[in-house]
Structures are given as C-alpha cells and as structure tokens.
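Topology and contacts: notes
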Amino acid sequence: MKPFEYYSPQSVAEACALLAQLGSGAKILAGGTDVLVELRKSADDVASSIIDITGISSLKGIEESSNTIVIKPLTTHTEILRSALVGTYAPLLKTAVAGIGSPQIRNRGTIGGNIMNAAACADTVPPLIALGARIRLQSSTGDRTVALSEFFTKPYITVAQRGELLVEIRFPKLPSDARSSFMKLGRRNALSISRLSVAAILTRDQSGVLTDARIVPGASLPTWHRVSEAENLLIGHKPTRELFVEAGKKVSDIMISFTGRRWSTEYKEPVIAVLVRRALEECH
Amino acid sequence: MYRGASDGEKKRGVGLACSYRGVSLGAEGADAAETIVSVQTDGSVIVSSGVTDMGQGAQTQMSQIAAEVLGISMDRIQFLNTNTSRVADSGPTVASRGTIMGGSAAKNAAEKVRATLLDVGAEMTGVDLNDLDLEDNYLVSTKTHERMASFSELTAACFNKGRPMIGLGWHNSPPTSWHEEEGHGDAYFTFVYGANAAEVEVDTETGKTDVIDFASVHDVGKAINRGMVVGQMCGGVAMGLGYGLLEEFEIEDAIPKQLNFDGYLIPTSMDVPRIKTIIVENEDPMGPFGAKSVGEPTNELAAPAIVNAIANATGRRIYELPANLERVLLGHKLTRQGKRGSEQKNSIDAMVVDSCKIRGGKA
C-alpha cells in the first residue's frame, strides 16, 4: 500500500476546504468498501490523501419532508434496509440495497459512496433514477443540485467537479398507487455483483390503464437513464404479458444501440429483456 | 416444474453421479506411514505422526484410534504437529490416505504399548494376562468386571518397572500392481464407493442455476468420527458445487484472469442447499477398525451430479465447467476481450459496460 495523508474533518465546510486544498490526489472515505480496496493497488493513480468524512454527523440519516425523502450520503445500506420511510415510499430501493454485497459490506458501505464510485453495477442508482432523485453537491465556493440521471457521463465518471462533496440525495415519495420493483441478476446468491439489473415503477388508473411507467436498466447502458422508448410503449395501455415482453425487447434494442454488439451481447440481449419483463410483472 | 411437466421459466431436474475410487496411493508409489504413541508416567499420552493434518481432522482420527486401543478418554491425548526430525516421513497428505495410513500406524503403535501395559498389569494384579483389558481409563478384569487399577496407576507401575511405554507404529500398505503399457493390474488394495444426487432449478431465461436439494452417500468403511465424516461430506459437496457452477479460471496470454476472490467466485452459504448425508459403513479388513477414506471422494461427485440435473431439467447437456449463466443459457462460454471496466476506468474513452465490479478491484 502506498503511504497516504489522512484527514478527518468534522464538518462539511472543513471537508470542502480540505478538498479544495488537496486537489486531485484526495479521495473521500465514506464506508471505505471501495476506497480501501483501491488503496491496496500499486497503481500510480491511487489516492495520496484520504479525507475521512465519517465523523460528519450532519451527513447521516434519512428524513421526510412533506412529499420528499432525503437520504444523507453517509447512510449505510443496512440503515436504508431498515428504514420504514424507505420501505413505505421507495420499496424498490429497499429491495436493491438488500442485495448489495454481504451483511458486513451493507453495514459499512454507504449510499453516497455507491453513487460517487459510479460503477455501472451500483445497485442503488437504477432505483434512485427511477424515483427521480436529485443530489446536492457542495464545495468551498457554493453548492448545486443535479438530477441523478444527468450526473453520470461514463462508467466511473461523473459531472462532479474536483472539490465537490455529495451532501444530500432527495427524491419524491412514490405515490401510494404506484408499484415498483428491482430485479438483479448475479452469478451467485450473495456477495454478488450485478451482471444485469432493472428498476421499474408502474402506476395505473382505476380502469387499470398505465398512467406512468419508469424503467431503468443497470449494468447494461454506458450510463444509467430511463428508457423512455420502452416506457412509452406501456403508458396508455392495460398491462399484459405481451406488452411487457415488447417493452423488454425495446430496452434490449436500446442497449445495443448504445453499446453495439460486444462479446457479452449474445447473453445480455435476451436476458435484459427477460429482466425488464419480470420487473414489470413484479410491479403488477 | 420438471422438464416434461411444463414450459415454465424455471425448470427442475435431478441428477446422479456415482463413483468407486481407489483408496490411498495404491500402485502410484511407496505408501507407508509412521505414528508414535508415547504414554507418559502420569497416564497422559502423546501421539505424533508423519501424516500431516491441514484441517481435515487426521490428528483427531489418529488420537481416537489410539484412545480406543488404550481404553482411555481423548482428554489424555496430546497430538504433536508433524515434524520429520522425530517421526518418519509418511508421505503426502493426499489420496484420502490420512486415516487409513496414519490411523493404521496409530493402531499398530498403541497396540504395542497396550501389550506392555497389560503385561505389567498382570504382574501387578496376579490376574492372567488374557483376562485383563483396558477400559474407561482403568485396567479391568474381563471375568469379574472389577477395576484393578487406574490407567495412571498402571502407567506409573510400568515406569517404575523400567518398561517402555512408547510404541512406534509403522504401516505399509498391502501390495498393489500396475502395468502402465497394458493398462491393467491390481492398482489399489481397496476401494470406496459413493453417490451424489442433486436437484436443481434452472432459470431457463437467464441460465441461473440453483441447487435446491442434495444428497451425498459414501461408503467410508467405518466412521471413526461421524461429525468429521459429515463435515467432509458437506465440505466436499460445497466445494464441488463451486467447481460445477461458479469457479472459472481462465488464462490469457499466459496470465491468469482471475487473481482474487472477487473474480474467482466460490459458493456462499446462500448457494449451498441443505445436504443430506448418509454414511455407509462397510468395514474393510485393510483399514483401522475397518475405516477407509472420506476426503477426496466427497468432492468429485457434486459437479457431475449437478450437470446431470441441469441436463435433466433443460434437455441440454453442458460439457464444460463451470455451468455458469452463459453456458447454461447459450450452451457455450463468452470470453471478455480486454480488461474489465474497473481496470480501464482511467482510460475510459472507448469504454462501454462490459462487466462491472467495485472500482479498485483487480481482476
């Protein structure tokens, strides 16, 4: 392991000042489940400074305010899993965090770390984008809010600037008539990285016609976003298996339009369609 | 759910695999072992062997065998780790030979000490040697069932009479033969028999296979320690399940691609079903108290049973392991070209999502 400087700010302002001062060699430590592994690499680009933000108590917790749920970035996956607010107003997020890593990783890993690490398989991101989450980034010079769907530019790359710290994740409560789901396919039943995943939300009116549909595939597109082409196939119709199959096929086509045909396409092409169909059926 | 039953997305199947397998090294080479049983003046016992225990329980088996012969409880025994400066090189811990070789040598060693102890016991008590036994930490009369002396009193007497209480036990396996060019011979002096049955549920739309039930049956000759035999059977199945479904080791341009357990997946407790273990005792004259082998035989049947179950479920046979998502769904493996996403995150221009893992992991 390369030696590194260690800082432990006690406030957001202090953390932002350190980020500004230390520049590109600084890395934020939240849960540490990614950063500590990275530190053991021998590569030249590993962090030279670690800013441990775990002491900043204002960055922890889950709150509600009227129609909004606010999750602070240091909230662990286990805390999200146990949150009644998340269980009621964002059940697909609860499903997603339940499948992350192992109990030990869920006890340490944070939602903020999952977002900022920006791995394509991050399990909290598809549900959060489906929920319409926005995140707040703070720096020593100010703060700004970004829609999570516009935050990622490439795997591991986001629009966050050097010096910016994630301080809040916020999304509207899911309406009580909405149904949601999260489907994950991994190679084994625990401690498994998503090979593919899908977050879905469906809302229907009293006659059963779909009034809202949101589909966000994970680990399949270069960046996460809702697949409106597939959603539009659903809205205004009564849900049927054939319709869900069609929506799955559309997501698969869209995926290939982004990625082209690659070594893994032969597998992902049929399977993402299946997962989308199942996610939609689960919302039924 | 089963193949013929319906067209469901998830199909179940059952598969069976059977084996008979040569015990110990057989005609592969020299096959002998030494175990030393050294009884101390205070009645404690030190056992050591050239057979190395790396966690499978050979020390316990050898100690149990010595305790059985000496009629003492296990708490009197201390086992010394293998060191060939004080006990003979007994060959490698391979071929499931620990119990049958080290244990036979332990039995042999303990029997030598036992003969001395009974001889001294006869002198001490005036009872005929043939009417004496060692039982429950006592020297007992087999006629009256009277306890004549405690084991410690007996060992103290033995020491005072200047009689040796050390037994050097040597076991050389029975003769075997093998004619390499003609491909025949009596390659092993005895065999073990086993069978595994797997029930799987195959997601025919994703290739994900879950083993939902499992039974493992092994003829072990005699189970010296039932808990350890069950442990070997369950461990063997779990490891075999990983071999069958998960563990992929690829080499590209002479460089292994799986360098850590994030890429080389072994089963978690969530992947291994409850395993029904059935011990068959078929006592063998070649083994200590009839014991044969149980290590490797438990490991080699799970993967074939599982792929047979997959074939039963899907109608399609897998010829290459592991039977992972791609092989089960497509019938062949897919090979990543180039590095994983996490490895090229700093040269990300042309990158699309190939595979994903935590940033910072090495593949």
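Residues numbered from 1 in each chain as written. Chains lettered and ligands numbered in written order. Predicted model: local features only at pLDDT ≥ 70, side-chain atom pairs only at ≥ 80, totals over all residues. Heavy atoms only, no water.

**Regarding the overall build of chain B**
Looking only at helices and strands, chain B has six helices and 13 strands in total. Taking 2.2 N^0.38 as the reference for a compact globule, 363 residues should give roughly 21 Å; the C-alpha atoms of chain B span a radius of gyration of 27 Å, well beyond that estimate. Seen along its three principal axes, the alpha-carbon backbone of chain B occupies a region of about 90 × 50 × 45 Å. Scored against the burial criterion, the 363 residues of chain B give a buried share of 51%. Considering only contacts within chain B whose residues lie at least 6 apart along the sequence, 70% involve residues at least 24 apart. (Helix = DSSP H or I, 4+ residues; strand = E, 2+ residues; numbered from the N terminus. Rg over C-alpha atoms; globule rule 2.2 N^0.38 Å. Buried < 20%, exposed > 50% of the residue type's maximum accessible area, 1.4 Å probe, protein only. Contact = heavy atoms within 4.5 Å.)

**Some remarks on the pattern of salt bridges**
Summed over the entire model, instances satisfying the criterion amount to 41 salt bridges over all chains. A salt bridge links K249(A) to D253(A); the shortest N-O distance between them is 2.9 Å. In this pair, K249(A) and D253(A) both sit in helix α10 (residues 241-259), four residues apart, roughly one turn of the helix. Residue classification places K249(A) among the partly exposed residues on the basis of a relative accessible area of 45%. Here E123(B) ties to R163(B) by a salt bridge, and the two come within 3.3 Å at their closest N and O atoms. Taken together, the positions of E123(B) in helix α2 (residues 98-125) and R163(B) in the loop between α3 (151-160) and β8 (166-172) put the pair 40 residues apart, joining distant regions of the chain. The partly exposed category is assigned to E123(B), whose relative accessible area is 44%. Taken together, the shared-partner salt bridges connect R241(A), R277(A), R278(A), E281(A), E9(B), D203(B) and E205(B) into one network. (Salt bridge = Lys/Arg side-chain N within 4 Å of Asp/Glu carboxyl O.)

**A word on the packing of aromatic side chains**
Going through the model one piece at a time under the given rule, you end up with six aromatic pairs over all chains. Ring centres 4.4 Å apart and planes at 65° place the aromatic pair F152(A) and W224(A) in the edge-to-face group. With F152(A) in strand β8 (residues 152-154) and W224(A) in the loop between β13 (210-218) and α9 (228-234), this pair connects stretches of sequence that are 72 residues apart. There is no split in this pair, since F152(A) and W224(A) are both buried. Arranged with centres 6.1 Å apart and planes meeting at 20°, the rings of Y20(B) and Y193(B) form a pair that is stacked. Highlighted residues: Y20(B) in strand β1 (residues 10-22) and Y193(B) in strand β9 (residues 191-203), separated in sequence by 173 residues. Put simply, the rings of Y20(B), Y188(B), F191(B) and Y193(B) touch in pairs and so form one group of aromatic residues. Directly above the ring of Y89(A) sits K173(A), whose terminal nitrogen or CZ lies 4.3 Å from the centroid. (Phe/Tyr/Trp six-rings, centres within 6.5 Å; stacked < 30°, edge-to-face > 60°. Lys NZ or Arg CZ within 6 Å of the ring centre and 35° of its normal.)

**Quick look at the sheet that holds strand β4 (residues 62-65) of chain A**
Residues and elements named next belong to chain A. Spatial ordering of the open sheet is given by β4-β5-β10-β6-β7, a layout of five strands whose pairing is antiparallel. Whereas interior strands pair on both sides, the edge strands pair on one side only; in this sheet they are β4 and β7 (142-147). Put simply, the sheet's adjacent strands are angled 25° from each other on average, direction ignored. One ladder, built from four bridges, connects β4 with strand β5 (residues 68-71); its direction is antiparallel. Along β5, the bridge assignment pairs S65 with T68. (Pairing = 2+ DSSP bridges. Axes fitted to C-alpha atoms, helices over the stretch in contact; angles between N-to-C directions.)

**Details of the domain arrangement of chain A**
You can read the domains of chain A as domain 1 (5-52), domain 2 (58-172) and domain 3 (178-282). Placing a centre on the C-alpha atoms of domain 1 of chain A and another on those of domain 3 of chain A gives a separation of 36 Å. (Domains from an automatic or database assignment.)

**A short note on the environment of G142(A)**
Residues and elements named next belong to chain A. Residue placement: G142 occurs in strand β7. Exposure remark for G142: the relative accessible area of 32% places this residue in the partly exposed category. C-alpha separation for the pair G142 and C16, spaced 126 residues apart in sequence, amounts to 9.8 Å.

**Considerations on the packing of helix α1 (residues 58-70) of chain B against α2(B)**
All names here are of chain B. Look at α1 against α2: their axes get within 8 Å of each other, and the N-to-C directions meet at 25°. Considering the angle they form, α1 stands roughly parallel to α2. Between α1 and α2 lies a crossing of right-handed hand. Together, Q61, M62, I65, A66, V69 and L70 of α1 and T99, G102, G103, A106, K107, A110, E111, V113, R114 and L117 of α2 make up the contact between the two elements. Within the contact of α1 with α2, the residues separate by chemical class into nine nonpolar, four polar and three charged. (Parallel < 35°, antiparallel > 145°, perpendicular 65-115°, else oblique. Left-handed = near helix turned anticlockwise from the far one by under 90°. Nonpolar A, V, L, I, M, F, W, Y, C, P; charged D, E, K, R; others polar.)

**Describing the domain arrangement of chain B**
All names here are of chain B. For chain B, the assigned domains read domain 1 (10-23 + 190-330), domain 2 (31-172) and domain 3 (336-363). Distance from the C-alpha centre of domain 1 to the C-alpha centre of domain 2: 37 Å. On the domain 2 side, the residues contacting the 18 residues of domain 1 number 17 residues. Taking both sides of the interface into account, the surface hidden between domain 1 and domain 2 amounts to around 1300 Å²; carbon and sulfur atoms contribute 61%. By the criterion of area lost to domain 2, the three top residues of domain 1 are I224, P288 and F289, representing 41% of everything that side buries. Put simply, domain 1 and domain 2 have zero salt bridges between them. Our count for the contact surface shared by domain 1 and domain 2 stands at six residue pairs in polar contact (both at pLDDT 80 or more). Here the side of domain 1 that touches domain 2 is built from residues that sort into nine nonpolar, six polar and three charged. (Buried area = accessible area lost by both parts, 1.4 Å probe. Polar contact = N/O pair within 3.5 Å; in protein donor to acceptor, adjacent residues only side chain to side chain.)

**Side note on helix α5 (residues 302-314) of chain B**
Residue and element names in this part refer to chain B. With 13 residues, α5 extends 18 Å from end C-alpha to end C-alpha; this agrees with the ideal 18 Å at 1.5 Å per step. The set of residues buried in α5 consists of A302, A303, A305, I306, V307, A309, I310, A311 and A313. Structurally, α5 contributes buried residues whose contacts are with β1, β9, β10 (209-219), α4 (226-245) and α6 (325-330). Note on α5: the residue one or two positions beyond its end, G315, has a positive phi of about 80°. (Expected span 1.5 Å × (residues − 1).)

**So, the sheet that holds β10(B)**
All names here are of chain B. The strand order across the open sheet built from four strands is β1-β9-β10-β13, with neighbouring strands paired in mixed fashion. Where the open sheet ends on each side, the last strands, each with one partner, are β1 and β13 (275-280). The mean angle between the axes of side-by-side strands here comes to 10°, regardless of whether they run parallel or antiparallel. As judged from the nine bridges shared by β9 and β10, these two strands associate in the antiparallel manner. The residue bridging E199 from the neighbouring strand is D213, located in β10. Lying on the sheet, α4 is in contact with β9, β10 and β13; it crosses β13 at an angle near 130°.

**Description of the pairing of strand β11 (residues 178-185) of chain A**
Residues and elements named next belong to chain A. Burial runs high along β11: six of the eight residues are buried. Bridge count for β11 against strand β12 (residues 196-204) is eight bridges, and the pairing is antiparallel. Along β12, the bridge assignment pairs K184 with S197.

**Description of a nonpolar patch on the surface**
All names here are of chain A. On the surface, a nonpolar cluster with roughly 320 Å² of combined accessible area is contributed by M1, F4 and Y6. The topology assignment puts M1 in the segment before β1 (5-7). When its relative accessible area of 57% is taken as the criterion, M1 is described as exposed. (Patch = residues over 30% accessible without salt bridge, like charges linked within 9 Å, V, L, I, M, F, W, Y side chains within 5 Å. Areas by Shrake-Rupley, 256 points an atom, 1.4 Å probe, with all protein chains shown as cover.)

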